[in-house]
Amino acid sequence: MAISPLAGKPAPKEMLIDPVRLEREYFERKPDLDDPGQLVSFGTSGHRGSPLRGSFTEAHIIAITQAICDYRRAQGTDGPLYMGKDTHAVSGPAQRTALEVLAANGVQTIIQRDDGFTPTPVISRAILVYNRARAEHLADGIVITPSHNPPEDGGFKYNPTNGGPADTDVTQWVENRANELLRNGNTGVKRVGFTTALNADTTHQEDFVLPYVNDLRNVVDMEAIRAANLELAVDPLGGAAVHYWEPINTVYKLQIAVVNPKVDPTFSFMTVDHDGEIRMDCSSPYAMARLVGLKDRYQVAFANDTDADRHGIVTPSAGLMNPNHYLSVAILYLLAHRPHWPAQAAIGKTVVSSSMIDRVVRKLGRRLSEVPVGFKWFVPGFFDGSCCFGGEESAGASFLRHDGSVWTTDKDGPIMDLLAAEITTRTGKDPGEHYRALTAEFGTAYYTRIDAPATAEQKARLEKLSPEAVKEANLAGEPITAKLTHAPGNDAPIGGLKVVAHSGWFAARPSGTEAVYKIYAESFKDEAHLDAIVHEAQEMVNSALGPATYS
């Protein structure tokens, strides 16, 4: 992977977006419905796109919101809809558009007062708290965010009554209905003007901040953090959690330094990511360069992406922790410090997360549940308490309350941040030091992810591959112990292939948007062994897929 010469450096002015132009394009551009890239398309985290590419416009948001209204009606969902937005330039306009449609459809809609920002986990928690002990008139939600994507992007995702990311059957229904509306010129949409929508009896402006902040004591040991008086810092990366940290300081008498309190839709304060893009990726050492530079000034520092569903942990001992490393430490700590969690509750990980997690879970005698990529796969387990922790290699995770009940069914970056402070407080060692101890016990994990070219036809074949398509018996000199196309934890298709040996593994999955497939690989031997795994992975996958044919 080529690293941009700008990586880790302040974003130059010529890279910055023009928010006025972007908003104009949002309202004025009409999507080309003959271009599949300009239709509504729900990936693992909702519909994403940009006004500059004709893939995130007012027409899209009108159609998606009406489709959600139609879906709610079909499901009998008639409780309130909690709607949040992040700080991307088109998130505000998209929220206004959505409110116009929701009000016209008579949906009781709750938004943050004073036009404020709302993190994804806050919406998930609000849905669950409202629905607790209710069997009817259930709530659901919308979050307007493209996550850590560049400033010119927008995103729109739906969380049904379980509070988590919508499952494929839901998103497919909404996507199909939205595209049907788009093709009909949105003539089937109900809509009122924004002033009418904002003043409608169905629109409610409430404070989401303090209910979430006050409830944090029930999921993280906030008293222990207060008593320890640690030197802590946070960089919200200009995202939706920016106005949550001072209330956290006030309520819990903490002194977390907010080292970057700015909100700027151009994200001009960011350092450039590996590929030369501005991206608010709290797991990237390039995007996190400023906070990493402060690592020796604080006992723990942390950051979140723009909708605060991901975390980045910086410690003096390790700098920015690899997400896989921190997940392993978090699991080790939580299973020893949450006595009221159900003993039979599983630890959830995705098939492309580090097998260091497997070793930790096995050591503690707990059950591991390995699921496909996508946080939606953890939702049922969190909802009923059969999963106590779920984490992704892309720095998304959540866990149960102290009493073993559900906290969120979506990723929660702030609790993962605060957990790092709790770990440091209660153990006297920061998470980086704990991971060093894990490597002393289990060995060093060498992990990588690369992209390999693939045609659309090859990507489609990879998604439907059978284990028998892999003829090889060995991987990098070791016998293959498993060839997986379904996740061991729930038998759901992983949309690709995972091959496992004693000291390493690889997984291959097609990209949803690019002409590549992604290879994830890990070795518990050394870099040379990892390189051998990657090389053989490409050979195995290419052999299994066969040559592409063109008509």
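You'll find the structure just up there.
Only a predicted model underlies this, so the values are computations on that prediction, with no experimental measurement involved.

(A) How the structure looks around the sheet that holds strand 8 (residues 232-235). Pairing within the open sheet is mixed, and its five strands lie in the order 9-8-10-11-12. At either end of the open sheet lies a strand with only one pairing partner, and these are strand 9 (257-258) and strand 12 (319-320).

(B) Region of the structure containing unusual backbone geometry. At Ser147, a residue that is not glycine, the phi angle is positive and equals roughly 60°. Given a relative accessible area of 2%, Ser147 falls into the buried group. You will see that Asn229, though not glycine, has its phi angle at about 55°, which is positive. Considering the arrangement of structural elements, one finds Asn229 in the loop between helix 8 (222-228) and strand 8. The exposure class of Asn229 is exposed, given its relative accessible area of 57%.

(C) Spatial organisation of the pattern of salt bridges. All told, the structure shown has 31 salt bridges when counted by the stated rule. Taking the shortest distance from any N to any O, the salt bridge between Arg73 and Asp70 comes out at 3.1 Å. In this pair, Arg73 and Asp70 are both assigned in helix 2 (residues 58-75), three residues apart and thus about one turn of the helix distant. Classification of Arg73 by relative accessible area gives partly exposed; the value is 47%.

(D) The arrangement of the nonpolar core in detail. If you look at the biggest cluster of nonpolar residues, it comprises 73 residues, and the most contacted ones within it are Leu216, Met222, Trp245, Ile248, Ile256, Phe389 and Phe399. Here this core gets nine residues from one element, more than from any other, and that element is helix 11 (residues 323-337). Ignoring any residue separated from it by four or fewer positions in sequence, one finds Trp245 in contact with Val234, Pro236, Ile256, Val258, Phe302, Asn304, Pro414, Asp417 and Leu418. Residues Val40, Ala94, Ile142 and Leu181 belong to the second largest nonpolar core, which totals 39 residues.

(E) Representation of the packing of aromatic side chains in the model. As enumerated under the stated definition, the model contains 16 aromatic pairs in all. Seen in terms of ring centroids, Tyr26 and Phe56 are 6.2 Å apart; in terms of plane orientation they differ by 40°. Their pairing is tilted. Here Tyr26 is found in helix 1 (residues 19-28), whereas its partner Phe56 is found in the loop between strand 2 (46-49) and helix 2, with 30 residues between them in sequence. Between Phe389 and Phe399 the ring centres are 6.4 Å apart and the planes differ by 10°, which places this aromatic pair in the stacked class.

(F) Focus on helix 12 (residues 356-363). In terms of burial, helix 12 is a largely internal element, six of the eight residues being buried. Listed as buried for helix 12 are Met356, Ile357, Asp358, Arg359, Val360 and Val361. In this structure, the buried residues of helix 12 make contact with helix 11, strand 13 (346-350), strand 14 (368-371), helix 15 (431-442) and strand 22 (516-523). Remark: Gly365 follows helix 12 within two positions and exhibits a positive phi of approximately 70°.

(G) Looking closely at the sheet that holds strand 3 (residues 81-85). Pairing within the open sheet is mixed, and its seven strands lie in the order 1-2-6-5-3-4-7. Of all the strands in the sheet, just strand 1 (42-43) and strand 7 (203-206) have a single pairing partner and so form its edges. For strand 2 and strand 6 (residues 154-159), the ladder comprises three bridges, and the chain directions are antiparallel. Paired with His47 across the two strands is Phe156, which belongs to strand 6. Here helix 3 (residues 91-104) sits on the sheet in contact with strand 3, strand 4 (109-112), strand 5 (140-144), strand 6 and strand 7, set at roughly 160° to strand 3.

(H) Region of interest: helix 16 (residues 456-463). Buried within helix 16 we find Gln458, Lys459 and Leu462. Taken end-on, helix 16 shows its buried residues confined to a sector of 100°, consistent with a single buried face. Where the residues of helix 16 are buried, they touch strand 20 (493-501), strand 21 (504-510), strand 22 and helix 17 (527-545).

(I) Fine view of the side chain of Asp281. With respect to the element layout, Asp281 can be found in the loop between strand 9 and helix 10 (289-292). For Asp281, which is buried and forms no salt bridge, the nearest opposite charge comes from Arg310, at a distance of 5.0 Å. Here Ser283 takes part through its side chain, which lies 2.7 Å from a polar atom of the side chain of Asp281. Residue contacts for Asp281: discarding those within four places in its chain leaves His148, Asp273, Ala287 and Met288.

(J) Examining the packing of helix 11 against helix 14 (residues 413-427) more closely. Helix 14 packs onto helix 11 with a crossing angle of 60° between their chain directions and a minimal axis gap of 11 Å. One finds that helix 11 runs oblique with respect to helix 14. Crossing handedness for the pair helix 11 and helix 14: left-handed. Facing helix 11, whose interface residues are Tyr326, Leu327, Val329, Ala330, Tyr333, Leu334 and His337, helix 14 presents Met416, Leu419, Ala420, Glu422, Ile423, Arg426 and Thr427. Of the residues in the contact of helix 11 with helix 14, the class split is ten nonpolar, two polar and two charged.

(K) Structural view of the state of the cysteines. The tally for this structure, following the rule as stated, stands at zero disulfides. In this model Cys387 remains outside any disulfide bridge; the closest cysteine sulfur is found in Cys388, 6.2 Å from its own. Residue Cys387 is classed as buried on the basis of its relative accessible area of 7%.

(L) Quick look at the pairing of strand 21. Within strand 21, seven of the seven residues are buried, leaving the element largely enclosed by the surrounding structure. Alternating residues of strand 21 divide into Gly504, Phe506, Ala508 and Pro510 and Trp505, Ala507 and Arg509, and every residue in both groups is buried. Here strand 20 pairs with strand 21 via four bridges, running antiparallel. Residue Leu497 lies in a different strand from strand 21, and its bridge partner there is Ala508. Between the antiparallel neighbours strand 20 and strand 21 lie two residues. One ladder, built from seven bridges, connects strand 21 with strand 22; its direction is antiparallel. In the sheet register, Trp505 faces strand 22, and the bridge partner there is Glu522.

(M) Spotlight on the side chain of Thr485. Note that Thr485 resides in strand 19 (residues 478-486). Side chain to side chain, Thr485 and His486 meet in a polar contact 3.4 Å long.

Criteria and cut-off values
Residues numbered from 1 in each chain as written. Predicted model: local features only at pLDDT ≥ 70, side-chain atom pairs only at ≥ 80, totals over all residues. Heavy atoms only, no water. Pairing = 2+ DSSP bridges. Helix = DSSP H or I, 4+ residues; strand = E, 2+ residues; numbered from the N terminus. Buried < 20%, exposed > 50% of the residue type's maximum accessible area, 1.4 Å probe, protein only. Salt bridge = Lys/Arg side-chain N within 4 Å of Asp/Glu carboxyl O. Core = buried A, V, L, I, M, F, W, Y, C linked by side-chain atoms within 4.5 Å. Contact = heavy atoms within 4.5 Å. Phe/Tyr/Trp six-rings, centres within 6.5 Å; stacked < 30°, edge-to-face > 60°. Axes fitted to C-alpha atoms, helices over the stretch in contact; angles between N-to-C directions. Arc of directions from axis to C-beta. Lys, Arg positive; Asp, Glu negative; His and termini not counted. Polar contact = N/O pair within 3.5 Å; in protein donor to acceptor, adjacent residues only side chain to side chain. Parallel < 35°, antiparallel > 145°, perpendicular 65-115°, else oblique. Left-handed = near helix turned anticlockwise from the far one by under 90°. Nonpolar A, V, L, I, M, F, W, Y, C, P; charged D, E, K, R; others polar. Disulfide = S-S within 2.5 Å.

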